[in-house]
Number of protein chains: 2
Amino acid sequence: MTTALTILDEDGADALSLRMLAQRLGSSTATLYRHFENRADLVAQVVDRIIGEIEVDDEEPGATHWQPAVRAAAVSMFKVLSRHRNVAVLLTEQIPTGPNAAVYRERVLALLLAHGFPQSLAPRAYASLARYVLGFAMQLTADRAAKSRDEARTSAALHRIDATRFPATRALADFLPMPIEEEFAFGLDLLLAGLAQMRDQHAET
Amino acid sequence: MTTALTILDEDGADALSLRMLAQRLGSSTATLYRHFENRADLVAQVVDRIIGEIEVDDEEPGATHWQPAVRAAAVSMFKVLSRHRNVAVLLTEQIPTGPNAAVYRERVLALLLAHGFPQSLAPRAYASLARYVLGFAMQLTADRAAKSRDEARTSAALHRIDATRFPATRALADFLPMPIEEEFAFGLDLLLAGLAQMRDQHAET
DNA sequence: ACCTGAACACCGTTCAAGT
DNA sequence: ACCTGAACACCGTTCAAGT
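Residues numbered from 1 in each chain as written. Chains lettered and ligands numbered in written order. Predicted model: local features only at pLDDT ≥ 70, side-chain atom pairs only at ≥ 80, totals over all residues. Heavy atoms only, no water.

### Side note on the protein's contact with DNA strand C
Working step 1: Neighbouring DNA strand C are 14 residues, the closest being A:Thr31, B:Ser17, B:Arg19, B:Tyr33 and B:Arg39.
Working step 2: Within 4 Å of the protein, the contacting atoms of DNA strand C are 46% sugar and phosphate, with bases supplying the remainder.
Working step 3: Interatomic distance of 3.2 Å between a backbone N/O atom of B:Leu18 and a phosphate oxygen of DNA strand C.
Working step 4: B:Tyr33 is positioned such that a nitrogen or oxygen atom in its side chain is 2.8 Å from a phosphate oxygen of DNA strand C.
Working step 5: Among the elements of the structure, α3 (29-32) of chain A together with α2 (18-25) and α3 (29-32) of chain B are those that each provide at least two residues to the surface near DNA strand C. (Near = heavy atom within 4 Å. Polar contact = N/O pair within 3.5 Å; in protein donor to acceptor, adjacent residues only side chain to side chain. Helix = DSSP H or I, 4+ residues; strand = E, 2+ residues; numbered from the N terminus.)

Following this line, the structure appears as structure tokens:
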């Protein structure tokens, strides 16, 4: 299992093959089928192990600041997925159903419910946030790969762009390829602002 | 090219292999290397063709309703990625740099700038929205795959969950696995609400 | 009972050899 | 000049044969 994690982190999602794992363990692929049902099962186990690294404050319900707590939960998930930068793609292949995933979901949902989100809102809030983080994390991988290929190429292409056909892009070329972490934080705050508004609207009625 | 698109739509992203394409065209893999630099190039061309299907209103700048226009641009992108449900994964493999991608970005940026978004805000707004849509679209594929395997399994698992350890999840089990399209619309409105707030704050100063 | 080499049906990519 | 069969180095998965 830790060998599998090492392969994923060091050599990427594609390298996490049964052959590679068997080789590193000094075993054979056929033997691995005794420990894992198939590649999907291997992936699921590695994924849940990583999800276990995500931190969520298990605070007393009733504290007044839900926004920092929820933000922290999202940021922690994003950080873990950034640390294991190759895991995001694997999360597309299979929606996590492991025990650690269940714990994470429970904690965040409890947080929302404890802070006055109605039952109709909390699951949607959770789903939006989780998918938001995952969506960004997936693109982090792609981003890193592109960057390692050619850091400035995209930026250069944007500056070379035809100003007549693409005036807006041209005007924003200096801002446009921005660190994905910044985009993540920006969008997360948009979501939280939107959620706060909805919660308060609900509280008024 | 249309053959490649057919393969992608009907048989999935994995099936879009050089061998498969060569076979369908009655040609050989080696010959395809005369038309495409490599698989990534083939993928890039198919991807940009699909991006060309996205609709963005090329309205006069100055109209008062930016929110519906931006929402429509995001929804159209989401719909196209849903129609070609296997393309999302390919967008992770390679960030789109084709001509159609450039046009889409230009239109949305122009829309934001025309409606009073400052230069510091517009690119971040665009980036957040684009990544939001893409992130969801990626999960749409995974979701569909999971569903075709077993529609009700996740829901059932959620209802079977230990109410002592997971009270919040349990309380929300009836709402929790919700149509991803609904989650998408919900989160999109959160983002737009957050953006409206930021734009107005900026206008005040 | 447990393990594994070898097989089967696939990949992307390259290249010598054919027309 | 253009095309391609065959090769090379990989996959996931299975199974007969070994210990």
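### Quick look at the confidence of the model for chain A
Working step 1: Overall, the prediction assigns chain A a mean pLDDT of 86, with 89% of residues at 70 or greater.
Working step 2: Least confident of the elements in chain A is helix α9 (residues 153-159) of chain A, whose mean pLDDT is 68; most confident is helix α5 (residues 66-83) of chain A, at 95. (pLDDT = per-residue confidence, 0-100.)

### Looking at the protein's contact with DNA strand D
Working step 1: Near DNA strand D, the surroundings consist of 14 residues, among which A:Ser17, A:Arg19, A:Tyr33, A:Arg39 and B:Thr31 are the closest.
Working step 2: When atoms of DNA strand D within 4 Å of the protein are split into backbone and base, the sugar-phosphate part holds 46%.
Working step 3: Between DNA strand D and A:Arg39, the relevant distance is 3.0 Å, taken from a phosphate oxygen to a main-chain nitrogen or oxygen of the residue.
Working step 4: At 2.6 Å from a phosphate oxygen of DNA strand D is found a side-chain nitrogen or oxygen belonging to B:Thr31.
Working step 5: Where the surface near DNA strand D is concerned, the elements lending two or more residues are α2 (18-25) and α3 of chain A together with α3 of chain B.
Working step 6: When grouped by side-chain class, the residues that make up the surface near DNA strand D number 4 nonpolar, 6 polar and 4 charged. (Nonpolar A, V, L, I, M, F, W, Y, C, P; charged D, E, K, R; others polar.)

### Considering the packing of α5(A) against helix α7 (residues 99-114) of chain A
All names here are of chain A.
Working step 1: Running from N to C, α5 and α7 point in directions that differ by 160°, and their axes come no closer than 10 Å. What the angle tells us is that α5 and α7 run roughly antiparallel. Crossing handedness for the pair α5 and α7: left-handed. Where α5 approaches α7, its residues Ala69, Val70, Ala73, Ala74 and Met77 are matched on the opposing element by Tyr104, Val108, Leu111 and Leu112.
Working step 2: When its residues are assigned to classes, the contact of α5 with α7 shows 9 nonpolar, no polar and no charged. (Axes fitted to C-alpha atoms, helices over the stretch in contact; angles between N-to-C directions. Parallel < 35°, antiparallel > 145°, perpendicular 65-115°, else oblique. Left-handed = near helix turned anticlockwise from the far one by under 90°. Contact = heavy atoms within 4.5 Å.)

### Describing the environment of A:Arg105
Working step 1: If you trace the backbone, A:Arg105 turns up in helix α7.
Working step 2: Put simply, A:Arg105 and A:Leu188 are 83 residues apart on the chain and 18 Å apart in space, counted from C-alpha to C-alpha.

### Some words on the relation of the copies chain A and chain B
Working step 1: Of the transformation superimposing chain A on chain B, the axial component is 0.0 Å and the angular component is 180°, with the fit at an RMSD of 0.0 Å. The operation mapping one copy onto its partner corresponds to a two-fold rotation axis. Closest to the rotation axis within chain A is the C-alpha of A:Gly135, separated from it by 1.7 Å.
Working step 2: Of all interface residues in chain A, 100% are interface residues in chain B too; the two copies therefore contact each other through one and the same surface. (Least-squares fit on C-alpha atoms with pLDDT ≥ 70 in both.)

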